[in-house]
Amino acid sequence: MSGVDSSTAALPEGFAEIAEDFLALGGRDRLQLLLEFSQGLPELPERYAEHPELLEPVPECQSPIFLATEVEGRGREATAHLFFSAPPEAPTTRGFAAILAEALDGRSVGEVLDTPDTVTGELGLAEVVSPLRLNGMSGMLARIKRQLSAKAGL
Amino acid sequence: MTISADPAPALQDYAHPERLVTTQWLADRLAAGDTEGLVVVESDEDVLLYETGHVPGAVKIDWHLDLNDPVTRDYVDGEGFARLMDASGITRETTVVIYGDKSNWWAAYALWVFTLFGHEDVRLLDGGRAAWEAEGRELTTSTEGRPAATSGYPVVERTDAPVRAFREDVLDSLGGPLIDVRSPQEYSGERTHMPDYPQEGTVRGGHIPTARSVPWARAAAEDGRFRSRAELESIYQGELGFETGTPTIVYCRIGERSAHTWFVLTHLLGFESVRNYDGSWTEWGNGVRLPIAQGAEPGEAPAR
């Protein structure tokens, strides 16, 4: 790769890397990469696995997914942590969650909140999963932001 | 029909048993290598499910990416369908067996689109992907056994009229047999979308006046297979009092769940004329001045 592609230059760091990886591939291989993301979605830590009521459902996704957030510290400098739960028979949804986890987990709350809502459409996925299905990822991002800003006291 | 029908006794009571195959029938065919003239198609809601493992030799057809026109709200045209068939190794004579997730919603929808193009021999795998998996049958990520691309599928002009209803057709047949297969909350108007599917929203809630409410899932058993003919008759002919000879229209939100009911009425119960209104609630609930009824009752057809 020679530098950052102009179309991904404006994306936040975590997403820019992911977008480059997807955009470097043809359609079938993009799906394969999304499948790899879905397989790599971290397991829920025990404190959530045993308390599913702590997780927020994301009805924008066509398949059941639940998420939780935690913040270390206060304000924009606080560190954001993300947790997701989705069944194996919903690989697309798991893949979306894993992308968000890789791009956003461990970053500052401010960075997450500054992520443009349009980012989900800029990863080269619309052509291989359809724009409608991408609404699920937008829904997750919106809920993550809302939870984080409340928890960080913003 | 190039491949004989599945003779399984469980299917023989249906009006057109040749439209279904059992998991055992398919597994036996695959095990025997007896797949000449047969192509298995997976069609799911989740676009990645096929990639996690599929019936050996199956090809994938996605309703969003393969069957819909990317611009106009319509299906692909004859050329697009022919290209898809050629790429999938399907000729006009091929026996196509479709299966998918969610009790075969999307599989039934794909089958209905095949019907628009007059593909003669297209069948559903009873129970779909869930039944195949539950029985511990083989799923693979290998492309081995996948049919090679073919060429020369004819460019067929789509014949919508017999199985597809448009908004005007529905307006003209208000008061006639019309089934809303969405959830009770969508029917009453409490919700404008299916639980968990808010993105295909509509500005108004309710149902088409005079439509009867029969959620699609009543036609499916717990294991995702279709209910028996007697059980289905007791719903559609018994409860609703509908008759097989009277033209009937079904709808849901975008036409996918109602494709399942369309299949039931047409192929399992032998209704002679069933049309799927694929515009469904996402068209009707957004349409200016279209009549709407709210609440649990079908409501009256407006005076015309």
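Located above this text is the structure these notes cover.
No experiment lies behind these values; they were computed from the predicted model shown.

Procedures and definitions
- Residues numbered from 1 in each chain as written.
- Chains lettered and ligands numbered in written order.
- Predicted model: local features only at pLDDT ≥ 70, side-chain atom pairs only at ≥ 80, totals over all residues.
- Heavy atoms only, no water.
- Helix = DSSP H or I, 4+ residues; strand = E, 2+ residues; numbered from the N terminus.
- Rg over C-alpha atoms; globule rule 2.2 N^0.38 Å.
- Buried < 20%, exposed > 50% of the residue type's maximum accessible area, 1.4 Å probe, protein only.
- Contact = heavy atoms within 4.5 Å.
- Lys, Arg positive; Asp, Glu negative; His and termini not counted.
- Charge placed at Lys NZ, Arg CZ, Asp CG, Glu CD.
- Pairing = 2+ DSSP bridges.
- Right-handed = clockwise from strand over helix to strand, strands pointing away.

Asker: Give me the overall build of chain A: which residues, what numbers.
Answerer: Looking only at helices and strands, one finds seven helices and three strands in chain A. Going from N to C terminus, chain A has its helices and strands arranged as α-α-α-β-β-β-α-α-α-α. Its C-alpha atoms give chain A a radius of gyration of 15 Å, within 12% of the compact-globule value 15 Å for 154 residues. Taken over the C-alpha atoms alone, chain A extends approximately 40 × 35 × 25 Å along its principal axes. Out of the 154 residues belonging to chain A, those deemed buried represent 50%. Within chain A, counting contacts between residues at least 6 apart in sequence, those at least 24 apart form 65% of the total. Of the side-chain charges in chain A, 12 are positive and 24 negative, and the distance between the mean point of each set is 5 Å.

Asker: Can you tell me about the pairing of strand β4 (residues 95–99) of chain B, naming the residues and giving the values?
Answerer: In regular strands, side chains alternate between the two faces of the sheet. Residues and elements named next belong to chain B. In terms of residue burial, β4 counts as a mostly covered element, since five of its five residues are buried. In this sheet, β4 lies alongside strand β2 (residues 38–42) in parallel orientation, the contact comprising five bridges. Paired with valine 41 across the strands is isoleucine 98, a residue of β4. Bridging between β4 and strand β5 (residues 122–125) involves three bridges; their strand directions are parallel. Looking at the pairing, valine 97 lines up with arginine 123 of β5. For the handedness criterion, the β-α-β arrangement of β4, helix α4 (residues 105–116) and β5 is classed as right-handed.

Asker: Run through the sheet that holds strand β8 (residues 248–251) of chain B, naming residues and quoting values.
Answerer: Residues and elements named next belong to chain B. Pairing in this open sheet of four strands is parallel, and the strands run β7-β6-β8-β9 from one edge to the other. What marks the edges here is a single partner per strand, and that holds for β7 (212–213) and β9 (274–277). Two strands pair when backbone bridges link them, and β8 and β9 are joined in this way by four bridges, in the parallel orientation. Bridge pairing in β9 places threonine 248 opposite valine 274.

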